[in-house]
Amino acid sequence: MFFSSPKRPRRAQTRNRRAWPWDERSLRLERLEPRQVLASVSLLPSQDNTLFEDTAGELSNGAGEYLFVGRTGQPAGRSLRRGLVAFDVGSAIPAGATVTNVSLSLNMSRTISGSESVRLHRVTTGWGEGSSNSDNRGGGAGTQAASGDATWLHSRFDTSFWNQSGGDFASGASAETLVGDTGGYVWSSSQMLADVQAWIDNPAANFGWILIGNESADSTAKRFDSKENGSVSNRPALTIEFDEAAPDVSISINGASISEGDQGQQILSFTVALSAAPTQNVSVNFATQADTATAGSDFTATSGTLTFTAGGPSQRQIDVPILGDLDVEPDEQFLVRLSSPVNGTLANDTAVGTIRNDDQASPQASISVTNATVSEGDAGTTPLQFVVTLSAASSQAVSVNYATASGTATSGQDFTSASGTLNFAPGETQMTVSVNVLGDTQTENDESFTLNLSNPVNATLANGQATGTILDDDDVAPTVAISVVGNSATEGDAGTTPLTFTVSLSLASTETVTVQYATVAGTAAAGQDFTSASGTLTFAPGEIQKSVSVNVLGDTQAEGNETFLLRLSNPQNSELSIDQATGTIVDDDGQTGGPRPWQNPVEPMDVNNSGFISPLDVLIIINEINANGIGPLAPPSSSSPPPPFFDVNGDDALTIMDFFLIINHINARASALRSLAGPPPGEADTTMATRQPEVAPAHMDHDARMAVAWDTALREVSREDEQPLRY
């Protein structure tokens, strides 16, 4: 079949030649030979526009009838003009076509100068054409850009920008033509042909050309007709001649598989197919290639050439002999590769041939790993050996993966992580995995991690996990206990007097010990009788004693002795033995003979002046109340009366509150004493010579605690061999 239509003549570079007898697209086809067709197509622009030099980037002429190129007579900074033109070659020319000739025709309809060179440069960034139209203003000055228009600054107004003002384009010109008086002009070059070929091969990179005139002198501008021009014959046109090759057939090969058999040979056939029935002879070479299957023992190497005859079948077979055996082995593979196609292309050039094993394996051995233990040491590394065994010797190679996982022992701190693969040769039944344990001198508990087995080959997992235990071989440091001892200070009439508490460790520690302290108001009020204090005590390694000083505020008010507490909390690297102590502010007002004779001036809760606070002090007050009742206390006849000192709270009277204060003080220190319930399970009771006074546990209610206090006080009277808790 033959198609013909008039081929668009090239425009001569002479004036006023406009005999262009084509429509918007003309096509000429000629049959050259069975695989090649010569074609020609003429295209109108898919878009065109003008870039008007403008520092604001707001001028365009997307829908106008003209393109402007060169320099106008306008002031500097606003006089340059550049035309943009693009053609949709990808939809007009089939992929794979070879471009043989390209020409661009433009009609120059107005000029203000003589002959000027106009160059084409390939644009490298996508751009747009909007609805702006400056024709009613003469066109050459441009108008306000519409959305999507290309401007001097924008590739699309006003959402995207050129990388450089005036457009992005290749530095080298694709073509150049001298433009003089009005008329038609043509650009054609090998570089234009290369541009169009690249756009056919990669339509996404088709951004057309930019027209650049003489920009070095004023009043060199040229006006060309655009794709919106009222005269169709004056519009830009791109003529492309190309060879349209007939489509090649593609060649592919499919994989295949077969059971090997016990002896002799089986034939494994591979199908080679064309994508279409051959219209001419098509041939391709083939050859086998060993992979996990070995030529000569698993299959017979095969090679040759397949030929598809024109008009014949589109499928052929390659037959490869497979050699049978009785070996127990994994499935094996080899390859068949195609090469050197003639009159066709390779779509898939490699196929996999799978030889399926059909021999039964002997029963598989099972894999087990046993736990392991080692002492960590003080430094360096010590190997911990895990033993991995097979239940029976295997005639096949056996492998299994292993990897450590942290537990209470941490990788990188207590041991070095390890992973890998154990490979048992046929007949081998035992292997070891060695893991390095990191030594230290830190006192800690025994620690452990796991060794995990996975992915066994030619065996099963009977026990796939073992525990590695790191035995601590460092001496355990004794527990350090913290206790605080109270004190007293005479308040004075003015200023401040320090009252010092002593905080002690039960023994020197090798670590830094800290404990927080804070004062707690009692009968003495913070800010009125003393200045509250709080903070943290820090015992450096080896230190065993610190002091806390609290300022007592002096006054001249007769008020009796008053007390407050210093309470310890939040011990670090230690534990609390006695967590609070009493500070007594001794009143020195209102009496000439010193403190009241019925109150202990050193420790008001020490009723019998024994130097200890114990349930015996409670019992003495209870006995006095039972004998004489409660009420104000009368001064004794002597200024230095013998004990007991009944007035605990300093109110000049004996009341139930006096023994409650002592009971509460003892109960607050319950954490430092043994429970009335006896020693913890499994712990033997202590002797009478070393046991501390018993106090009610903190969880008891008020009545129970009172009952305990009574019972404890009664028993305490008869315990002459026991030492009560020192305050």
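### Let's talk about the overall build of the chain
The number of helices and strands found in the chain is five helices and 45 strands. Relative to its full complement of 727 residues, the chain shows a buried share of 45%. In the chain, once contacts between residues fewer than 6 apart in sequence are set aside, the share between residues at least 24 apart is 72%. For the chain, the accessible surface area stands at approximately 33,500 Å², while carbon and sulfur atoms represent 48% of it.

### Focus: the environment of N436
Relative to the elements of secondary structure, N436 occurs in strand β31 (residues 430–438). A C-alpha to C-alpha distance of 6.2 Å links N436 and L384, two positions 52 residues apart in sequence. The contacts of N436, once residues within four sequence positions are left out, are T381, T382, P383, F415 and T416.

### A short note on the sheet that holds strand β23 (residues 332–342)
Here we have five strands laid out as an open sheet, ordered β18-β25-β23-β20-β21, and mixed in their pairing. Lying at the two open borders of the sheet, with one neighbouring strand each, are β18 (256–259) and β21 (303–308). Between one strand axis and the next, the sheet turns through 25° on average, direction left out of account. Where strand β20 (residues 282–290) meets β23, seven bridges bridge the pair, whose relative direction is antiparallel. If you follow T288 over to β23, its bridge partner there is V336.

### A word on helix α2 (residues 190–201)
With twelve residues, α2 extends 16 Å from end C-alpha to end C-alpha; this agrees with the ideal 16 Å at 1.5 Å per step. The complete set of buried residues in α2 reads M192, D195, V196, Q197, W199 and I200. One side-chain oxygen at the N-terminal end of α2 lies 3.4 Å from the backbone nitrogen of Q191; it belongs to S189.

### Let's talk about the packing of aromatic side chains
Within this structure, the stated rule accounts for eleven aromatic pairs. Here F415 and F449 contribute two aromatic rings whose centre-to-centre distance is 4.1 Å and whose plane-to-plane angle is 15°, an arrangement assigned as stacked. Here F415 is found in the loop between β29 (398–406) and β30 (419–424), whereas its partner F449 is found in strand β32 (residues 447–457), with 34 residues between them in sequence. Owing to a relative accessible area of 1%, F449 belongs among the buried residues under this scheme. Ring centres of F501 and F564 lie 5.8 Å apart, and the angle between their planes is 70°; this geometry places the pair in the edge-to-face category. With F501 in strand β37 (residues 496–505) and F564 in strand β41 (residues 562–572), the pair connects residues that are 63 residues apart, well separated along the chain.

### Digging into the pairing of strand β27 (residues 372–375)
Because side chains alternate across β27, one face comprises the buried residues A372 and V374, and the other comprises T373 and S375, none of which is buried. Where β27 meets strand β34 (residues 465–471), four bridges bridge the pair, whose relative direction is parallel. When the bridges of β34 are listed, A372 appears paired with G468.

### Things to note about the sheet that holds strand β33 (residues 459–463)
Reading across from one edge, β31-β28-β26-β33 is the order of the four strands in this open sheet, with mixed pairing throughout. Strands at the two margins of the open sheet, each flanked by one partner only, are β31 and β33. Direction aside, the axes of adjacent strands within the sheet are offset by 30° on average. Judged from the three bridges that link them, strand β26 (residues 365–369) and strand β28 (residues 381–390) form a sheet pairing that is antiparallel. Residue V369 lies in a different strand from β28, and its bridge partner there is V388.

### Examining the pattern of salt bridges
Summed over the entire model, instances satisfying the criterion amount to six salt bridges. The partner of E215 in a salt bridge is R82, with the nearest N and O atoms 2.7 Å apart. On the criterion of sequence distance, the pair formed by E215 in the loop between β14 (209–212) and β15 (222–225) and R82 in strand β6 (residues 80–86) is long-range, its members being 133 residues apart. Given the relative accessible area of 17%, E215 is considered buried. Its relative accessible area of 11% is what places R82 among the buried residues.

### Some points on the confidence of the model for the chain
The predicted model of the chain averages 83 in pLDDT, with 82% of residues at 70 or higher. Counted against residues more than four places away or in other chains, residues 670–706, with its pLDDT under 50, gives 58 contacts. Considering only residues more than four positions removed or in separate chains, one finds that residues 716–727, a stretch of pLDDT under 50, has 40 contacts.

### Brief notes about helix α3 (residues 615–628)
Taking 1.5 Å per residue, 14 residues should reach 20 Å; α3 reaches 20 Å between its end C-alpha atoms and fits that length. With its phi angle positive at about 80°, G629 sits one or two positions after the end of α3.

### Overview of the environment of G264
Mapped onto the fold, G264 is located in the loop between β18 and β19 (265–274). In the structure, G264 is positioned 61 residues away from D325 in sequence and 8.1 Å away in space, judged by C-alpha atoms. Setting aside chain neighbours within four positions, we find G264 in contact with I322, L323 and G324.

### Observations regarding the nonpolar core
Core analysis: the biggest nonpolar cluster contains 31 residues, and W187, V196 and I240 have the highest contact counts within it. Examining the composition of this core, we find that five residues originate from one element, strand β7 (residues 98–111), more than from any other. Setting aside anything within four residues of it in sequence, one finds I240 in contact with A39, S40, V41, L43, V89, I93, V99, N101, V102 and V196. Formed by 26 residues, the second largest nonpolar core is a distinct cluster that contains Y402, F415, L422 and L453.

### A closer look at the pairing of β7
One ladder, built from five bridges, connects β7 with strand β13 (residues 183–187); its direction is antiparallel. Each residue of the ladder has a partner; that of S105, found in β13, is V186. Pairing of β7 with β15, which is carried by three bridges, proceeds in the antiparallel orientation. Considered in β15, the bridge of R110 is made with R223.

What counts, and where the lines are drawn
Residues numbered from 1 in each chain as written. Predicted model: local features only at pLDDT ≥ 70, side-chain atom pairs only at ≥ 80, totals over all residues. Heavy atoms only, no water. Helix = DSSP H or I, 4+ residues; strand = E, 2+ residues; numbered from the N terminus. Buried < 20%, exposed > 50% of the residue type's maximum accessible area, 1.4 Å probe, protein only. Contact = heavy atoms within 4.5 Å. Areas by Shrake-Rupley, 256 points an atom, 1.4 Å probe, with all protein chains shown as cover. Pairing = 2+ DSSP bridges. Axes fitted to C-alpha atoms, helices over the stretch in contact; angles between N-to-C directions. Expected span 1.5 Å × (residues − 1). Polar contact = N/O pair within 3.5 Å; in protein donor to acceptor, adjacent residues only side chain to side chain. Phe/Tyr/Trp six-rings, centres within 6.5 Å; stacked < 30°, edge-to-face > 60°. Salt bridge = Lys/Arg side-chain N within 4 Å of Asp/Glu carboxyl O. pLDDT = per-residue confidence, 0-100. Core = buried A, V, L, I, M, F, W, Y, C linked by side-chain atoms within 4.5 Å.

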